[in-house]
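Read off the chains here:
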Amino acid sequence: MNAPIASAGSGAPQELRVVRGERTGQPVVVSVDSTRLGPALGGLRIATYDDWWTGAADAVRLSAAMTVKTALAGLDHGGGKAVVALAPHDADRWVADRRADLLADVADVVESLQGRYTTGPDMGTGPQDMAELWRRTRHVLCRPESDGGSGNSSGPTAAGVTAAISAAVQHVWPGRAIADLAFGVQGLGSVGALVADWLAQHGARLVVSDTRPEAQQAAQRWGARWAEPTEVLSADVDVLVPCATGGVLDPATVQRLRCRAVVGPANNQLVHSGVADLLQARGICWVPDPLVSAGGIVFATAVELRGDSAAAAAHRVASIGDRVTDLLDRARSAGTTPLQQVEEVVLHRLAGGR
């Protein structure tokens, strides 16, 4: 299993709740990894698992990654994650007719934490689900804009990715334009498609991939070459942009890479921390994914918790590029990997508290 960048501590979450929902009987898991910097933030994932404890382990892992993400983004928040672990054989009934009951069970658990955890969209959930949760708990982000929330997080997340890409390009190729380079985009979901569209608008040459054949229509619109998901990892491009599942960078894959930089929002890209050293040895600049993917949470907290305007929140998202530049410059000066710099930043922030 791919592993997240480790946060400080024993590896155990600060708080872990597993509750069988009163209405549905389904297991609802909330892992609060840390509240040292402030209340924990993290999305609600509704997915199928072989058993509930596998879902609980996923929640623990993902909440630790959120602690890293919020610390790197400069937010006064810790990391958390909610997971509803559905059994594969009856998952359909809980994502259709009885979804409101399922979300009510989740809201009860979130509310019971009394503000120590605030949830938002993740795999299997969206803004409308957040509006449903809002009926029972106020500890929710990313409701539709029409309901007073910050809306879909895909746009701000993609904006953070493009800011990170621009910063990495200037770090590796000072003075070069996006149009001078080739990019391989793996995954054309809600964020990946926006990133690929931005790259195409800036004149980049594209190689793209997705598990859904219908995504090829977008590739044609961009004039991009279509590749299979595994093929794009070894494509002859300058920058690889992983936007799909995690665990894409292992020792064997690193040896096949032909790019000079890897910058993408896919979570937990490294199968283990030693892969960062392998990338460094090959002269490949890897930008840590917790920072690349932070745009959504930065925007939502700015609008909904700080009361910023959309323009001010967008400016905060754009500053992800400055954070990438600073992190890569310090790694270069210290002769360390970006991963080591991430760990130093996170440990420093957590040691200092708020």
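Look up: the structure comes first, before these words.
Fair warning: this is a prediction, and the values are worked out from it, not measured in the lab.

Asks: I'd love a proper account of the overall build of the protein, names of residues and values included.
Replies: Counting its regular elements, the protein contains 15 helices and 12 strands. By the compact-globule yardstick of 20 Å for 354 residues, the protein fits well, its C-alpha radius of gyration being 20 Å. With respect to the principal axes defined by its C-alpha atoms, the protein has extents near 55 × 50 × 40 Å. Sorting the 354 residues of the protein into buried and exposed places 56% on the buried side. Here the contacts in the protein between residues at least 6 apart in sequence split such that 65% fall between residues at least 24 apart. The protein carries 32 positive and 37 negative side-chain charges, and their two centres are separated by 3 Å.

Asks: For helix α14 (residues 320-334), give the residues involved together with the corresponding values.
Replies: Look at α14: 21 Å from first C-alpha to last across 15 residues, which is about the 21 Å you get at 1.5 Å a residue. Turning to α14, its buried residues number three or more, namely Ile320, Gly321, Val324, Leu327, Leu328 and Ala331. What you see down the axis of α14 is that its buried residues fit within an arc of 130°, all on one side. Facing away from the buried side of α14 by over 90 degrees, the exposed positions are Asp322 and Ser333. One or two positions beyond α14, positive phi appears at Gly335, with a value near 70°.

Asks: Account for the sheet that holds strand β10 (residues 239-242), naming residues and giving values.
Replies: Pairing is parallel in the open sheet, where six strands are placed in the order β9-β8-β7-β10-β11-β12. At either margin of the open sheet sits one strand with a lone partner, and together these are β9 (225-226) and β12 (285-286). With two bridges joining them, strand β11 (residues 261-262) and β12 adopt parallel strand pairing. When the bridges of β12 are listed, Ala261 appears paired with Cys285.

Asks: Before we move on, could you go through the environment of Gly74 and cite the residues and values that matter?
Replies: Structurally, Gly74 can be placed in the loop between α1 (52-72) and β5 (78-86). Overall, the relative accessible area of 35% leaves Gly74 in the partly exposed class. Expressed as a C-alpha distance, the spacing of Gly74 and Val346, which sit 272 residues apart in the sequence, is 9.8 Å. Beyond its immediate sequence surroundings of up to four residues, Gly74 is in contact with Arg323 and Arg349.

Asks: I'd love a proper account of the side chain of Asp105, names of residues and values included.
Replies: Mapped onto the elements of the fold, Asp105 is located in helix α3 (residues 99-112). Non-local contacts of Asp105, meaning those with residues more than four positions away in its chain, are made with Gly21, Glu22, Arg23, Thr24, Gly25 and Val28.

Asks: Just give me the short version of the packing of aromatic side chains, but keep the residues and values in it.
Replies: The description of two aromatic rings rests on the distance between their centres and on the angle between their planes. This model, assessed by the stated rule, comprises one aromatic pair. Their ring planes at 85° and their centres at 5.7 Å tell us that Trp52 and Trp53 sit as a pair that is edge-to-face. Residue classification places Trp52 among the partly exposed residues on the basis of a relative accessible area of 38%. Take Trp53: its relative accessible area is 52%, and that puts it in the exposed class. Geometry around Trp134 places Arg143 over its ring, the cationic atom sitting 3.6 Å from the centre.

The rules behind the values
- Residues numbered from 1 in each chain as written.
- Predicted model: local features only at pLDDT ≥ 70, side-chain atom pairs only at ≥ 80, totals over all residues.
- Heavy atoms only, no water.
- Helix = DSSP H or I, 4+ residues; strand = E, 2+ residues; numbered from the N terminus.
- Rg over C-alpha atoms; globule rule 2.2 N^0.38 Å.
- Buried < 20%, exposed > 50% of the residue type's maximum accessible area, 1.4 Å probe, protein only.
- Contact = heavy atoms within 4.5 Å.
- Lys, Arg positive; Asp, Glu negative; His and termini not counted.
- Charge placed at Lys NZ, Arg CZ, Asp CG, Glu CD.
- Expected span 1.5 Å × (residues − 1).
- Arc of directions from axis to C-beta.
- Pairing = 2+ DSSP bridges.
- Phe/Tyr/Trp six-rings, centres within 6.5 Å; stacked < 30°, edge-to-face > 60°.
- Lys NZ or Arg CZ within 6 Å of the ring centre and 35° of its normal.

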